[in-house]
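The primary structure of each chain is shown beneath.
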Amino acid sequence: MKSYDVTALGELLIDFTENGISEQGNPLYEANPGGAPCNVLAMLAKLGHKTAFIGKVGNDFLGRQLKDAIDDVGIDSEYLYTDHEVHTTLAMVHTFPDGDRDFSFYRNPGADMRLTEQEVPKTLIENSKIFHFGTLSMTHEEVRLATKKAVSVAEKAGAVISFDPNLRPPLWKSMEEAREQVLYGLAHCHILKISDNEIQWLTDKTDFTEGVEWINSRYQIPLILVSMGKQGSRAYYRGKQVEAASFLRENTIETTGAGDTFCGCVLHYILEHGMEQLEKDHLKEMLVFANCAASLITTKKGALRVMQSFEEIEA
């Protein structure tokens, strides 16, 4: 029996999200804890799973705030390292009227980029049922080597590997380099969560099913999830295809963390039901639950600290 349900590696950062206008007419920003891998873990922890995070923050008050945040939501922070030379990574998030976002990153460098191969905890990953990662930990050589070492350990230990590209173009030297690292992720995962714009960029296919066929002709990935924003989501599993509508809400504030919440709920379902012999009814049940959770998070500021419970999602 493995001790941890899900371990994730990657970025933990501060999302400065817009939260009103000052008396002087200036935008006000709230310092929300964020970072896609930890958002996924926060959803899983809220659903009762044992989770752990591998990453690095700066030796500053924002880094300490982030450690406190993941401790508070129940994520094991033993392997959250502190960098004494580089500050915690920051993201400024501008929200458009429809809830979509634009990101500006302060990460040249940022502490999350400084995780090393030597800091990857082999025993933790070996004792995890699922290992989850994205591409923000693959934008620069040092943390890329750490990520690939962790993936190698997970493969040798027989863990289920989950990958979410979570593509942020401003953080890459070139989109060719980004593509190379995304393809690495596809070659090493059992579960792929990919957004509508990411699959179109990667495959040059406007039809998502054609995009999935392009991926599966090159990489044998048992479960592929395509998140389509307001259009809902799809699951592709061993020749089966299922789609579920989104839960549109008039009180949506912003979409930060929606994809991560969705991903966390998918991993929750796999932990509960396994990866084998999933029928269309199972896939539909999984998508509806994940879509609902994702829609709920869009009514709140931030994501990591405000994930909803199983009972709230079911209701």
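Up top you'll find the structure we're talking about.
Below or above, wherever it landed, is the structure these notes cover. Starting from 1, residues in each chain are numbered consecutively following that chain's sequence as written. Per-residue local features are limited, in this predicted model, to residues with pLDDT of at least 70; the limit for side-chain atom pairs, both in listing and counting, is 80 or more; totals at the level of whole chains, interfaces and linings are taken over all residues. To get the side-chain values, take all heavy atoms of the structure and skip hydrogens and water.

### With respect to the packing of aromatic side chains
(1) Moving on: Side-chain rings of Phe, Tyr and Trp (the six-membered ring for Trp) are treated as a pair once their centres are within 6.5 Å; stacked means planes under 30 degrees apart, edge-to-face means over 60, and tilted covers the remaining angles. For the coordinates displayed, the defined rule picks out five aromatic pairs.
(2) Moving on: The structure contains a cluster of three or more aromatic residues connected by ring pairs, namely F131, F133 and F163.
(3) Moving on: We call a charge positioned above a ring when the Lys NZ or Arg CZ atom is no farther than 6 Å from the ring centre and deviates by at most 35 degrees from the ring normal. Between K148 and the ring centre of Y184, over which it is positioned, the NZ or CZ distance is 4.5 Å.
(4) Moving on: Here R168 stacks its cationic end above the ring of F103, 4.4 Å away from the centre of that ring.

### Brief notes about empty space enclosed by the protein
(1) Moving on: A 1.4 Å probe that fits but cannot get out identifies a cavity on a 1 Å grid over protein atoms alone, an open set with protein on both sides within 12 Å along at least five of seven lines counts as a pocket, and a residue lines either if it has an atom within 4 Å of a point. Grid points are joined across faces, edges and corners, and a volume is the space filled by probe spheres set on the points. Scanning the entire structure with this criterion turns up one cavity of 30 Å³ or more.
(2) Moving on: Every residue lining the largest cavity is counted, 13 residues in all, and those nearest its centre are E11, A36, P37, G134 and D164.
(3) Moving on: Put simply, DSSP H or I for four residues or longer makes a helix, DSSP E for two residues or longer makes a strand, and each gets a number counted from the N terminus. Those elements that provide at least two residues to the lining of the largest cavity are α1 (36-46) and β8 (128-134).
(4) Moving on: For the lining of the largest cavity, the element with the most residues is β8, which contributes three residues.

### Examining the sheet that holds strand β13 (residues 240-244)
(1) Moving on: With mixed pairing, the nine strands of this open sheet are ordered in space as β5-β4-β1-β8-β9-β10-β11-β12-β13. Edge strands, defined here as strands with exactly one partner in the open sheet, are β5 (75-83) and β13. Strand-to-strand twist of the sheet, defined as the mean angle between neighbouring strand axes without regard to direction, takes the value 15 degrees.
(2) Moving on: Note that β8 and strand β9 (residues 160-164) share five bridges and pair parallel. Pairing of G134 across the sheet is with D164, part of β9.
(3) Moving on: It only takes one pair of heavy atoms within 4.5 Å for two residues to be counted as in contact. Note on method: axes are straight lines fitted to C-alpha atoms, helices fitted across the in-contact stretch only, with angles between N-to-C directions ranging 0 to 180 degrees. Against the sheet, helix α4 (residues 141-156) engages β1 (4-9), β8 and β9, with an angle of about 155 degrees to β8.
(4) Moving on: Strands β8, β9 and β10 (191-195) of the sheet are contacted by helix α5 (residues 175-187), whose axis makes an angle of about 150 degrees with β9. A pair of strands counts as paired when DSSP detects no fewer than two bridges linking them.

### A closer look at the pattern of salt bridges
(1) Moving on: When a carboxyl oxygen of Asp or Glu lies within 4 Å of a side-chain nitrogen of Lys or Arg, that pair is called a salt bridge. Scanning all chains against the criterion turns up 12 salt bridges.
(2) Moving on: Across the salt bridge formed by R114 and E85, the nearest N and O atoms sit 2.8 Å from each other. A residue pair is termed long-range when its members are at least 10 positions apart, and R114 in the loop between β7 (101-106) and α3 (122-126) and E85 in the loop between β5 and β6 (90-95) qualify at 29 residues.
(3) Moving on: Note on R114: relative accessible area 25%, which makes it partly exposed.
(4) Moving on: The shortest N-O distance in the salt bridge between E126 and K122 comes to 3.2 Å. Of this pair, E126 and K122 both sit in helix α3, four residues apart, which is roughly one turn of the helix. Partly exposed residues are those whose accessible area sits between 20% and 50% of the maximum for their type, while under 20% is buried and over 50% is exposed, using a 1.4 Å probe and protein chains only.

### With respect to helix α2 (residues 61-72)
(1) Moving on: Under the 1.5 Å per step criterion, the end-to-end length of α2 is 16 Å for 12 residues, consistent within 8% with the ideal 16 Å.
(2) Moving on: Structurally, α2 contributes buried residues whose contacts are with β2 (13-21), β3 (27-34), α1, β4 (51-58), β5 and β6.
(3) Moving on: G74 sits one or two residues past α2 and shows a positive phi near 95 degrees. A helix is expected to span 1.5 Å multiplied by its residue count minus one.

### Brief notes about the packing of α4 against α5
(1) Moving on: Contact pair α4 / α5: the axes reach a minimum separation of 12 Å and the direction vectors enclose 15 degrees. It follows that α4 is roughly parallel to α5 by the angle criterion. Considering how the two elements wind past one another, α4 and α5 form a crossing that is left-handed. Across the interface between the two elements, R144, K148 and V151 from α4 touch E177, Q181 and Y184 from α5.
(2) Moving on: A breakdown of the residues in the contact of α4 with α5 according to their chemical character gives two nonpolar, one polar and three charged. If an angle is under 35 degrees, it is roughly parallel; if it is over 145, roughly antiparallel; if it lies from 65 to 115, roughly perpendicular; otherwise it is oblique. Rotating anticlockwise by less than a right angle from the far helix to the near helix defines a left-handed crossing, while the corresponding clockwise rotation defines a right-handed one. Ten residues, namely Ala, Val, Leu, Ile, Met, Phe, Trp, Tyr, Cys and Pro, are considered nonpolar, four, namely Asp, Glu, Lys and Arg, are considered charged, and the remaining ones, Gly among them, are considered polar.

Shape is all these values report; function is a separate question.
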